[in-house]
Structure formats: C-alpha cells, structure tokens
Amino acid sequence: MNTSKMRHLEELSVNQTFSMFTQSKDLKKIAAHFFESMESVLIRNQIVDALQSYDLGIVTAVFEIFGGYVNRSFGIYTEKDGKQCEYFVRKYKYGITAPEIIFEHLMIDYSKAHGLDIAAGLIRTKDGATFVKKIEGVNGNGTDIYFAVYEFLEGDDLYTWDTPNLNDEEYASAAEVLATFHNAARDFDPQGLERIEPKIMEFLPTLPEKYKELARKDIDTKFHKYYRSKLDSILKVIESSQIPQDVLEKMPLTPCHNDFHAGNLKYVNSKVVGIFDFDWSKIDHRLFDVTLGMAYCCSSWQDEQDGVLLLDKCAIFLKSYQQKLIELKGLEPLNAVEIEYLPTMIAASNMYLINWDVAAYYAGTDLNEYEYIAYLQHNVRLMNWIEKHKAEILEVAKSILV
C-alpha cells in the first residue's frame, strides 16, 4: 500500500483527547450563546415588523415576560408625539388558527363591554383588526404566525400557576373576578366560532386511547416510567369523572376562561385588579371553569402538603363566587345540580391538567424532565386526594347553597 498520498489518522493520547473535549465544550457554549442572541434579535425584529400595522409610534424597548408555556409574551415601550407608552404583545403559539383568535378577541370585547372592566383590552391596527398575521420563513414560504397587542395592565405579578400562595382576601377577590367574567360573557354570541378543543365531557373520552399509545413508547426516561406506573389509576379516574348528559343539561354553559390561575391575575393591596390570557377560552359548562380555577388556585404545592386540596380556601373561593353572582343579579349562582356534581367536576378538571402535563412532555424537546415530573406528580397526588375526599369536598360545596 502506497501511503505517500494518504492522510495518516493518528491515535490521540488521553491528554490530547481531553484538550479537544474541553474545546468542544467551549464551542457548545459559544453556539448556544450565538443561537440565543440570534433568536432574541429575530423575535424583536418580528415584533417591530408586526407593529408597523399599528399606529403606536416607534418601538423603543422590548422585554420578554416569562412564565408562559405556550404563547410568548412581551412588554414593549413605544414613543409617539413625545410621549412614552407601554403595551403587552403576544406572539401566539404555532398551530393556532385565525378563527380561534377571532373567537377569543370577540369574547374579550364583549366581556369588557358588559362589565369585565379589568380585562386587558385589545389595541386595533390601522385597519381596525385585532391581530396581525405574518409568515415565519424565507421569500414568503414558511409558517403562519400571529401577533396581538393589548393594553398593559397595572398591578403586581405576585404568583405563578404553580405558586398559588394567595391570602384569603386575594382568594375572595379572584373568585369575584371569575364570577364577574362569567356574568359579563353569559350572552356572548360566538358567531359560529369556537376553539378546536371540545368541551370537557366530550374531551375526557378521547384521552384513554391516546394515553395507552403514549405508554407504549419505547423510551427510557424517569417521566415515562412514572407515567406508566400511574396510568391505570389515571384511566380509572377518567372513567369515574364522566357526568351523564341529562345532568349536564342542567348546568349552565358560558364562555370559560379555561386557564384561570393565580399567574393570570394582577394584584394591588390584596385585590385582583387585572385578568389576562384568554387564549384558552371556550364555551363550556361554567362549573368546569370554577372547578378548574379551584384545582389551580386551591391546591397546595408545599412539600408534604403537595397535592392537597385546601378546603378552607375552596370555601372562601366558592362563597365569594356565589355571593358575587347574587349581587350582580344576572347569571344564576351555582345551582343544586352543580353543587352535587362539583366533586366529580373537580376531578375532571384536574384530569384536564394531567393531560397538559402529559401532552406537553411528550410533544416537547429539550425539556427539563424533573420539572415535568414535578408537575405530573403534583396532579396525580391531587387526583388521589380528590378521590379519597369527595365527601368533604361536597360538604364544602353544600355550605354555599342559599
């Protein structure tokens, strides 16, 4: 073999290999920093480009607001006629459709016009539209993306969805806001529009086959092992959380926020002064929205108490919701049928949260596995707690009947 024109692939020593490995780690950091920087520049340019459709002046600063898992949120400053203004900008999740956004925006406008004055209002484009559609790609080929601009709500961001550490006054105020929303939106005409996701009692029966299919995935992760170990109990609760159709017909349907948690509210002096993030909204049984709010806001995330439904907080929440509707004299308060099935509906609501935990994990990439295990463990613990304490939950619910 004539090796004169060949390249000799030399064996590297341990020290040489370690040196190259160290350099590769540095390159990985450089690449990650470069990606983050370019992504930051891209999203800022996308926002500035989208805002050309509005008459808001010159964009002077853009800040990303963290905490969401689906859409991306930004606080922006603009300058117009020598005056500084601030707005909230949302870049919607990939895959959302224009009719879903129109539904959300029509409902917000209607609710604000009928009593929900603390919701973030929509800012119109120069043409009167409530959102802007752009293409994320090259030469007009790519993915549809949507942006909307809202009023920036005053008040403090005190909590997130997994730190619902409200005081009693805040619990009462939050429930009043939910009641005010349901009352304001009760006669909303969706004009044939709706969110693609079905109502909760139509949604639950779609889950078992999907869950079984996910369990069959050949992956070796801590989340997957935990999920598979709990699947049988999850499936049993899905089955026991169904409510007969003749009973559902006695439960009012209203627009539902569908993501009512402590992180989607703003506070001043123990009062809720703002509500936002209606992008999950749909028409459903209002009891579902009430119990979903309770599953979010009234369950503990604290150490040994993790997954415990705090019944004293539930009582405050339900009594405040009920009293606000009595005061408003519009939408009827929770009726006897809703009270009777409240424990079943809160189990269904928590199952809705379990579905988010599971769907988000298996659809995601580069996720923090321990973070998502913590979410699923919390909701599985809450599921088990609800199943063991339905009698006590019912007793709290019955205490609000007037």
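Relevant structure appears above.
Before going into details, it helps to say that this report is about the structure given with it.

What counts, and where the lines are drawn
- Residues numbered from 1 in each chain as written.
- Predicted model: local features only at pLDDT ≥ 70, side-chain atom pairs only at ≥ 80, totals over all residues.
- Heavy atoms only, no water.
- Pairing = 2+ DSSP bridges.
- Helix = DSSP H or I, 4+ residues; strand = E, 2+ residues; numbered from the N terminus.
- Core = buried A, V, L, I, M, F, W, Y, C linked by side-chain atoms within 4.5 Å.
- Buried < 20%, exposed > 50% of the residue type's maximum accessible area, 1.4 Å probe, protein only.
- Contact = heavy atoms within 4.5 Å.
- Axes fitted to C-alpha atoms, helices over the stretch in contact; angles between N-to-C directions.
- Nonpolar A, V, L, I, M, F, W, Y, C, P; charged D, E, K, R; others polar.
- 1 Å grid on protein atoms, 1.4 Å probe; cavity = no way out; pocket = protein on both sides within 12 Å on 5 of 7 lines; lining within 4 Å.
- Points joined across faces, edges and corners; volume = space filled by probe spheres on them.
- Expected span 1.5 Å × (residues − 1).
- Phe/Tyr/Trp six-rings, centres within 6.5 Å; stacked < 30°, edge-to-face > 60°.
- Polar contact = N/O pair within 3.5 Å; in protein donor to acceptor, adjacent residues only side chain to side chain.

**Some thoughts on the pairing of strand β5 (residues 141–151)**
Bridging between strand β3 (residues 83–91) and β5 involves 5 bridges; their strand directions are antiparallel. For R90, the partnering residue across the bridge sits in β5 and is A148. Across 7 bridges, strand β4 (residues 132–138) lies against β5 in antiparallel orientation. Directly across from K134, in β5, lies its bridge partner I145.

**Comments concerning the nonpolar core**
The biggest cluster of nonpolar side chains holds 105 residues, and the ones touching the most others in it are Y211 and Y227. Sort the elements by how many residues they give to this core and helix α11 (residues 342–363) lands first, with 12 residues. Look past the residues within four positions of Y211 in its chain and what remains in contact with it is Y227, L231, I234, L235, I238, M351, I354, N355 and V358. Formed by 16 residues, the second largest nonpolar core is a distinct cluster that contains I43, V59, I145 and V149.

**Here's the deal with the packing of α11 against helix α13 (residues 390–398)**
It is the contact of α11 with α13, at a shortest axis distance of 8 Å, that shows an interaxial angle of 115 degrees. Where α11 abuts α13, its residues L342, P343, T344, I346 and A347 lie against K390, I393, L394 and A397. In terms of residue class, the contact of α11 with α13 is made up of 7 nonpolar, 1 polar and 1 charged.

**Points about empty space enclosed by the protein**
Scanning all chains against the criterion turns up 2 cavities of 30 Å³ or more. Taken as a whole, the largest cavity spans an internal volume of roughly 100 Å³. Residue lining of the largest cavity: 13 residues in total, with K93, I96, R195, D279 and W280 positioned closest to the centre. Across the lining of the largest cavity, the residue classes break down as 6 nonpolar, 2 polar and 5 charged.

**What to know about helix α1 (residues 14–50)**
The terminal C-alpha atoms of α1, which comprises 37 residues, lie 53 Å apart, in line with the 54 Å expected from a rise of 1.5 Å per residue. Buried-residue contacts for α1 involve β1 (58–65), β2 (72–80), β3, β4 and β5.

**Topic: the packing of aromatic side chains**
For the structure shown, the criterion picks out 24 aromatic pairs. A ring pair is formed by F223 and Y361, whose centres lie 3.8 Å apart and whose planes are at 20 degrees; its orientation type is stacked. Here the residue F223 occupies a position in helix α6 (residues 222–240), and Y361 occupies one in helix α11, the gap between them amounting to 138 residues. Residue classification places Y361 among the buried residues on the basis of a relative accessible area of 11%. Relative to Y362, the ring of Y361 has its centre 5.1 Å away and its plane inclined at 85 degrees; by these criteria the two rings are edge-to-face.

**Notes on the layout of surface pockets**
Of the volumes computed, that of the second largest pocket is approximately 200 Å³. Taken together, 17 residues line the second largest pocket, and the ones lying closest to its centre are L193, E194, K199, K282 and I283. Those elements that provide at least two residues to the lining of the second largest pocket are β6 (253–256) and β9 (282–285). Per-element accounting of the lining of the second largest pocket gives the leading share, 3 residues, to β6. Split into classes, the residues belonging to the lining of the second largest pocket amount to 9 nonpolar, 1 polar and 7 charged.

**Let's talk about the side chain of K313**
Checked against the element boundaries, K313 lands in helix α9 (residues 311–328). The class of K313 is buried, set by a relative accessible area of 17%. Here D168 takes part through its side chain, which lies 2.6 Å from a polar atom of the side chain of K313. For K313, the contacting residues outside a window of four places in its chain are D168, Y171 and C298.

Geometric descriptors of this kind do not, in isolation, establish any biological role.
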